[in-house]
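Here are the chains, one letter per residue:
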Amino acid sequence: MRRKPHLRNHIAVLPCDGAGKEVVPEAIKVLSAAGAELEFQDYDVNADQYLRSGQPIPAAVWSDLQKADAILFGAVGDPRVDDAAYLAGVLLRLRFELDLYVNLRPAKLYDDRLSPLRREDRRKIDLLIVRENTEGLYVGMGGRFKKGTEQEVAVQEDLNTYLGVTRILDYAFQAAKGEVVMVDKANAMTYAGALWQQQWKAVAKKHPKIKTRHLYVDAAAMQLVRDPTQFEVIVTGNLFGDILSDLTAELIGGMGIAPSGNINPESKRGLFEPVHGTAPDIAGRGVVNPIGAILSASMMVRHLGHNEMANAIEGAVESAIRAGECTRDLGGSLSTHEVGDAVAKRLKD
Ligand code: ATP
């Protein structure tokens, strides 16, 4: 019998701007050390390119990105460009047009010393935020009436569809082993909240073995700080997921360490990026933490079906952190490159 040729996954690499340009090469270094058989192709999508061409993503690049098995992404942002239009033309376009409706933001504490929480029994943090990624307040519907006058009216619409709400709730139940907590603000945002509540009850009925709990977002923020160990899977809308995942990043050591994946479980498309942005205050000096990007790369290979490799990368990250081989935000003194080397070395040994 003829063996099927081994197909290498094709990864589109978009380091973009600021800290993104520094951390993505470290993630690729670690993937190579882990023996990943991946073909990487770098794309010139960044603020310099945007300023030259006026196009956030050139048409030829877009057609390649649609075909890639996965996208490894850094961060977008630059003081020289209008943030909203550039962000919408790159990251939001990719999320919306590739229909990457699930934003996975795991938060796991790899070493006790990174926790800001005083009580030791509150530190076994291993939770997953499942954030709706294609709707809500991010769709850009609305406008400014009488702009620039003292009578100005600004409207920003919060879009929630039956399909969008139902499919993200479904995903959360599939991701959970024990309990899903749904977070909304149905007491104040009554129309959108009613749809979330209705579908929450309907989807929960299909998963009788999974426990359910509902929290308003203000209470969820409070509970996350009081005792984050009580959470396994939190499912929520686009805005609340964005905010709560910055909070959970701080619970595990800070913005530099938190990974994320933007996926479509049906089409299998995926874009993987650290939760942090371009870190303009520290970018360009070789001190940004590459761990968020490295763990995002680990999520990417898991998504592509390489579970053992993903576990090995996570293990190497944990071991480097515990050994204190990290950047200064985690209490170490290594540079961005040296942290990449420290993780890569553990995978080669
Ligand atoms: P952007 O406008 O690109 O979103 P930002 O300033 O809003 O940038 P982040 O880039 O997420 O937000 O940075 C928030 C804070 O976290 C900053 O103080 C930054 O220095 C810190 N930070 C972000 N990424 C890292 C990193 N990789 N390593 C260390 N610190 C980081």
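Residues numbered from 1 in each chain as written. Predicted model: local features only at pLDDT ≥ 70, side-chain atom pairs only at ≥ 80, totals over all residues. Heavy atoms only, no water.

Focus: helix 9 (residues 291-303)
Then, in step 1: Taking 1.5 Å of rise per residue, 13 residues should cover 18 Å, and helix 9 covers 18 Å from first to last C-alpha, within 8% of that figure.
Then, in step 2: For helix 9, the tally of buried residues reaches eleven of 13 residues, placing the bulk of the element in the interior. (Helix = DSSP H or I, 4+ residues; strand = E, 2+ residues; numbered from the N terminus. Expected span 1.5 Å × (residues − 1). Buried < 20%, exposed > 50% of the residue type's maximum accessible area, 1.4 Å probe, protein only.)

A short note on a nonpolar patch on the surface
Then, in step 1: Among the surface-exposed residues, F145, V153 and V155 lie close enough to one another that they form a single nonpolar patch of about 260 Å² accessible area.
Then, in step 2: Looking at where F145 falls in the secondary structure, it is placed in strand 6 (residues 142-145). (Patch = residues over 30% accessible without salt bridge, like charges linked within 9 Å, V, L, I, M, F, W, Y side chains within 5 Å. Areas by Shrake-Rupley, 256 points an atom, 1.4 Å probe, with all protein chains shown as cover. Salt bridge = Lys/Arg side-chain N within 4 Å of Asp/Glu carboxyl O.)

Overview of the layout of surface pockets
Then, in step 1: The space that makes up the largest pocket amounts to roughly 780 Å³.
Then, in step 2: In this structure, the largest pocket is lined by 27 residues; those nearest its centre are L104, P106, L128, M299 and R302.
Then, in step 3: Looking at the lining of the largest pocket, the elements with two or more residues in it are strand 4 (102-108), strand 5 (126-132), helix 5 (162-175), strand 11 (259-263) and helix 9.
Then, in step 4: Partitioned by chemical class, the residues of the lining of the largest pocket number 17 nonpolar, three polar and seven charged.
Then, in step 5: Taken together, 22 residues form the lining of the second largest pocket, with V76, L87, L91, V275 and G277 sitting closest to its centre.
Then, in step 6: Counting residues per element, the ones that place at least two in the lining of the second largest pocket are strand 3 (70-75), helix 4 (83-97) and strand 12 (270-274).
Then, in step 7: Tallying contributions element by element places helix 4 first for the lining of the second largest pocket, with seven residues.
Then, in step 8: A class-by-class count of the residues in the lining of the second largest pocket yields eleven nonpolar, five polar and six charged.
Then, in step 9: Taken domain by domain, the makeup of the lining of the second largest pocket includes at least three residues from each of domain 1 (1-106 + 258-349) and domain 2 (116-251). (1 Å grid on protein atoms, 1.4 Å probe; cavity = no way out; pocket = protein on both sides within 12 Å on 5 of 7 lines; lining within 4 Å. Points joined across faces, edges and corners; volume = space filled by probe spheres on them. Nonpolar A, V, L, I, M, F, W, Y, C, P; charged D, E, K, R; others polar. Domains from an automatic or database assignment.)

Quick notes on the pairing of strand 4
Taken residue by residue, a regular strand's side chains alternate between the two faces of the sheet.
Then, in step 1: Counting buried positions along strand 4 gives five out of seven residues, so the element sits mostly inside the fold.
Then, in step 2: Note that strand 4 and strand 5 share seven bridges and pair antiparallel. The residue bridging A107 from the neighbouring strand is L127, located in strand 5.
Then, in step 3: Relative to strand 11, strand 4 is paired through three bridges, and the arrangement is antiparallel. Residue pairing in the sheet places N103 in a bridge with N262 of strand 11. (Pairing = 2+ DSSP bridges.)

A closer look at unusual backbone geometry
Then, in step 1: Notably, K268 is not glycine yet its phi reads approximately 70 degrees, a positive angle.
Then, in step 2: With respect to the helices, strands and loops of the structure, K268 is situated in the loop between strand 11 and strand 12.
Then, in step 3: K268 sits in the exposed class, given a relative accessible area of 53%.
Then, in step 4: Although it is not a glycine, A279 adopts a positive phi angle of roughly 45 degrees.
Then, in step 5: Relative to the elements of secondary structure, A279 occurs in the loop between strand 12 and helix 9.

Details of the sheet that holds strand 12
Each strand in a sheet pairs with another by means of backbone hydrogen bonds, the pair being arranged parallel or else antiparallel.
Then, in step 1: Taken in spatial order, the ten strands of this open sheet run 2-1-3-12-11-4-5-10-8-9, and their pairing is mixed. The open sheet has two edge strands, strand 2 (38-42) and strand 9 (211-216), and neither has a second partner. If you compare each strand with its neighbour and ignore which way they point, the axes differ by 20 degrees on average.
Then, in step 2: In this structure, strand 5 lies alongside strand 10 (residues 233-236), joined through four bridges in parallel fashion. Pairing of V130 across the sheet is with V235, part of strand 10.
Then, in step 3: Docked against the sheet, helix 8 (residues 238-251) engages strand 4, strand 5, strand 8 (179-184) and strand 10, running at close to 155 degrees with respect to strand 5. (Axes fitted to C-alpha atoms, helices over the stretch in contact; angles between N-to-C directions. Contact = heavy atoms within 4.5 Å.)

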